[in-house]
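Structural overview for review
What follows is each chain in one-letter form.
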Amino acid sequence: QVQLVESGGGSVQAGGSLRLSCAASGRTRSTYFMGWFRQAPGKEREFVAAISWSTGNTYYSDSAKGRFTISRDNAKNTVYLQMNRLKPEDTVVYYCATRTLGTWWSSQVSGYDHWGQGTQVTVSS
């Protein structure tokens with residue numbers, strides 16, 4: 001099992017920045033990718049960004065490109081999501097997840113098998 005703990009959420013004004021962290025523990029050796037997803041009330045969880053744990057290759061949703069940056073620190077088993085130029089529509093709960101199900105990247109919720117508890121981000125206009 002892999003345990004994930006997110007931190008770094010909070011409130012910020014539009015145009016501001018936040019950095020989310022996700023620390024992984026447990027059986028992390030089988031992790032191929034770590035990803036960030038987000039979910040608004042009443043909506044489906046959606047892909048934000050993912051990173052290959054071995055190569056560092058990154059993948060982004062269209063809404064995240066140019067504003068968000070995913071990175072990792074293998075020594076700390078931690079993945080980060082740097083969010084810049086935040087907008088009110090970025091106000092949702094953000095979740096990190098690990099993918100051990102396959103060596104190719106995925107933007108699907110079903111492609112990830114361990115999830116954190118989520119961290120709230122609120123962007124005021």
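Up top you'll find the structure we're talking about.
Note that the structure is a prediction, hence the values are computed from the model and not measured.

Some thoughts on the overall build of the protein
In terms of regular secondary structure, the protein is built from 0 helices and 11 strands. In the protein, the order of α-helices and β-strands from amino to carboxyl end is β-β-β-β-β-β-β-β-β-β-β. Against the globule reference of 14 Å for 125 residues, the protein gives a C-alpha radius of gyration of 13 Å, in line with a compact fold. With the C-alpha coordinates aligned to their principal axes, the bounding extent of the protein is approximately 40 × 30 × 25 Å. Sorting the 125 residues of the protein into buried and exposed places 44% on the buried side. Within the protein, contacts between residues at least 6 apart in sequence are counted, and of these 55% link residues at least 24 apart.

Some points on the pattern of salt bridges
With the rule as written, the count across this model stands at 4 salt bridges. In this structure, D90 and R67 form a salt bridge, with 2.8 Å as the shortest nitrogen-oxygen distance. Of this pair, D90 sits in the loop between strand 8 (78-83) and strand 9 (92-99) while R67 is found in the loop between strand 6 (58-60) and strand 7 (68-73), placing the two residues 23 residues apart along the sequence. Each member of the pair, D90 together with R67, is buried. Within the structure, one salt-bridge network assembled from shared partners comprises R38, E46, R67 and D90.

Focus: the side chain of R38
Among the structural elements, R38 can be located in strand 4 (residues 33-39). A distance of 2.9 Å separates polar atoms of two side chains, one belonging to R38 and the other to D90. Of the polar contacts made by the side chain of R38, one reaches the side chain of Y94; its length is 2.9 Å. Excluding its chain neighbours within four sequence positions, the residues that come into contact with R38 are E44, R45, E46, V48, S63, F68, D90, V92, V93 and Y94.

Focus: the nonpolar core
Core analysis: the largest hydrophobic core is formed by 25 residues, its most contacted members being W36, L81, M83 and Y94. Among the elements of the structure, strand 1 (2-7), strand 3 (18-26), strand 4, strand 5 (46-52), strand 7, strand 8, strand 9 and strand 11 (119-124) are those that each provide at least two residues to this core. Per-element accounting of this core gives the leading share, 4 residues, to strand 3.

Remarks on unusual backbone geometry
A positive phi angle, close to 50 degrees, is found at N77, a residue other than glycine. Within the element layout of this structure, N77 appears in the loop between strand 7 and strand 8. Accessibility expressed as a relative area gives 23% for N77, which makes it partly exposed. Located in the positive-phi region is R85, a residue other than glycine, with phi close to 50 degrees. Residue position: R85 is located in the loop between strand 8 and strand 9.

Each value, and the rule that gives it
Residues numbered from 1 in each chain as written. Predicted model: local features only at pLDDT ≥ 70, side-chain atom pairs only at ≥ 80, totals over all residues. Heavy atoms only, no water. Helix = DSSP H or I, 4+ residues; strand = E, 2+ residues; numbered from the N terminus. Rg over C-alpha atoms; globule rule 2.2 N^0.38 Å. Buried < 20%, exposed > 50% of the residue type's maximum accessible area, 1.4 Å probe, protein only. Contact = heavy atoms within 4.5 Å. Salt bridge = Lys/Arg side-chain N within 4 Å of Asp/Glu carboxyl O. Polar contact = N/O pair within 3.5 Å; in protein donor to acceptor, adjacent residues only side chain to side chain. Core = buried A, V, L, I, M, F, W, Y, C linked by side-chain atoms within 4.5 Å.

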